[in-house]
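If you want the building blocks of each chain, they are given just below.
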Amino acid sequence: MLEMYAKPFIKGLTTNPTLMKKAGIADYRAFCKDILTSINDKPLSFEVFSDDFVEMERQALEIASWGDNVYVKIPVTNTKQETCYALVKKLAAQKVKLNVTAIMTLAQVRDVVAALNPTVPSYVSVFAGRIADTGRDPVPLMAAAVEQLKVAPAAELIWASPRELLNIFQADEIGCQVITVTNDILKKLSLVGYDLDTYSLDTVKMFYNDAVGAGFKL
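The present account deals with the structure reproduced in this document.

Reading guide: rules and limits
Residues numbered from 1 in each chain as written. Predicted model: local features only at pLDDT ≥ 70, side-chain atom pairs only at ≥ 80, totals over all residues. Heavy atoms only, no water. Helix = DSSP H or I, 4+ residues; strand = E, 2+ residues; numbered from the N terminus. Buried < 20%, exposed > 50% of the residue type's maximum accessible area, 1.4 Å probe, protein only. Contact = heavy atoms within 4.5 Å. Areas by Shrake-Rupley, 256 points an atom, 1.4 Å probe, with all protein chains shown as cover. Salt bridge = Lys/Arg side-chain N within 4 Å of Asp/Glu carboxyl O. Core = buried A, V, L, I, M, F, W, Y, C linked by side-chain atoms within 4.5 Å. Arc of directions from axis to C-beta. Patch = residues over 30% accessible without salt bridge, like charges linked within 9 Å, V, L, I, M, F, W, Y side chains within 5 Å. Pairing = 2+ DSSP bridges. Axes fitted to C-alpha atoms, helices over the stretch in contact; angles between N-to-C directions.

**What about the overall build of the protein?**
Within the protein, the secondary structure is distributed over 11 helices and 7 strands. For the protein, the spread of C-alpha atoms along the three principal axes comes to 70 × 40 × 35 Å. Out of the 218 residues in the protein, the part that is buried amounts to 38%. Relative to all contacts within the protein whose residues are 6 or more apart in sequence, the contacts with residues 24 or more apart total 61%. Element-wise, carbon and sulfur atoms account for 57% of the exposed surface of the protein, whose accessible area totals about 12,600 Å².

Here it is in structure tokens:
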């Protein structure tokens, strides 16, 4: 996160319990407070991890108290598929900056936007990459979501779970304000505009060198 924070084109950062578990983080509060000592001037999103809305609210208020740049991630439903809209409305009324996450339908976008405080900064995170994984083109849905967010001027749409570098250009073209780009995709930025004939030759050389290195014979 600190490496990404140092890059001027990174405008904010986010994490979630799944990523933190993979990184071996055992103390959620200690990790979050530690990273906030270094990152306090760019938006930083931390997620609640309860399945109960009363406990979610308690966690959200504590997380929000950690810093002015903190956005609290609230899942669009709990595991029982009970919606978060009442909680979002309650937290937004208290001017908590929210990042409503795991959204995949326009109906969810509509209902989240209706619950937000239009004057409080917030994120509406639509998992475009996971939508694409189901064989659906996410671009029309994301373009429609951009339109839905216009009634909440302080809210921004997130293109979440991108699958390829092209998604950055797609998000920009439709006016989506944020895309949560992963490290593996960021590494491909140097290829933007790369000559395709040269790229073709690079690929041929890679195949040849790998075949020689493997010692293949016929």
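**A word on the pattern of salt bridges**
One pass over the structure, following the stated rule, counts 8 salt bridges. Across the salt bridge formed by glutamate 62 and arginine 29, the nearest N and O atoms sit 2.6 Å from each other. Linking glutamate 62 in helix H4 (residues 53-64) with arginine 29 in helix H3 (residues 28-38), this pair joins segments that are 33 residues apart in sequence. The exposure class assigned to glutamate 62 is partly exposed, which follows from its relative accessible area of 23%.

**So, the nonpolar core**
Residues Phe46, Ile74, Leu98, Val124, Val126, Met142 and Leu157 are the most contacted members of the largest nonpolar core, which totals 52 residues. Looking at this core element by element, the count peaks at 5 residues for helix H5 (residues 85-93). If you look at the next biggest cluster of nonpolar residues, it comprises 5 residues, including Tyr71, Phe127, Ile158 and Ala160.

**Topic: helix H6 (residues 106-115)**
Where H6 is concerned, the buried positions are Gln108, Val109, Val112, Val113 and Ala115. The arc that holds every buried residue of H6, seen down its axis, measures 160°, which confines them to one face. Those residues of H6 that are buried are in contact with H5, strand S4 (98-103), strand S5 (122-126) and helix H8 (138-148).

**Comments concerning a nonpolar patch on the surface**
On the surface, a cluster of nonpolar side chains totalling about 450 Å² of accessible area is made up of Phe9, Leu166, Phe169, Leu189 and Val192. If you trace the backbone, leucine 166 turns up in helix H9 (residues 166-174). Classification of leucine 166 by relative accessible area gives partly exposed; the value is 45%.

**Quick notes on the sheet that holds strand S3 (residues 70-75)**
Read across the sheet, 7 strands follow the order S1-S2-S3-S4-S5-S6-S7 without closing on themselves; strand pairing throughout is parallel. Edge strands, defined here as strands with exactly one partner in the open sheet, are strand S1 (13-14) and strand S7 (178-179). Strands in contact with H6 are S4 and S5; relative to S4, the strand with the most contacts, it is inclined by about 165°. This element, H9, spans strand S6 (155-159) and S7 of the sheet and lies at about 150° to S6.

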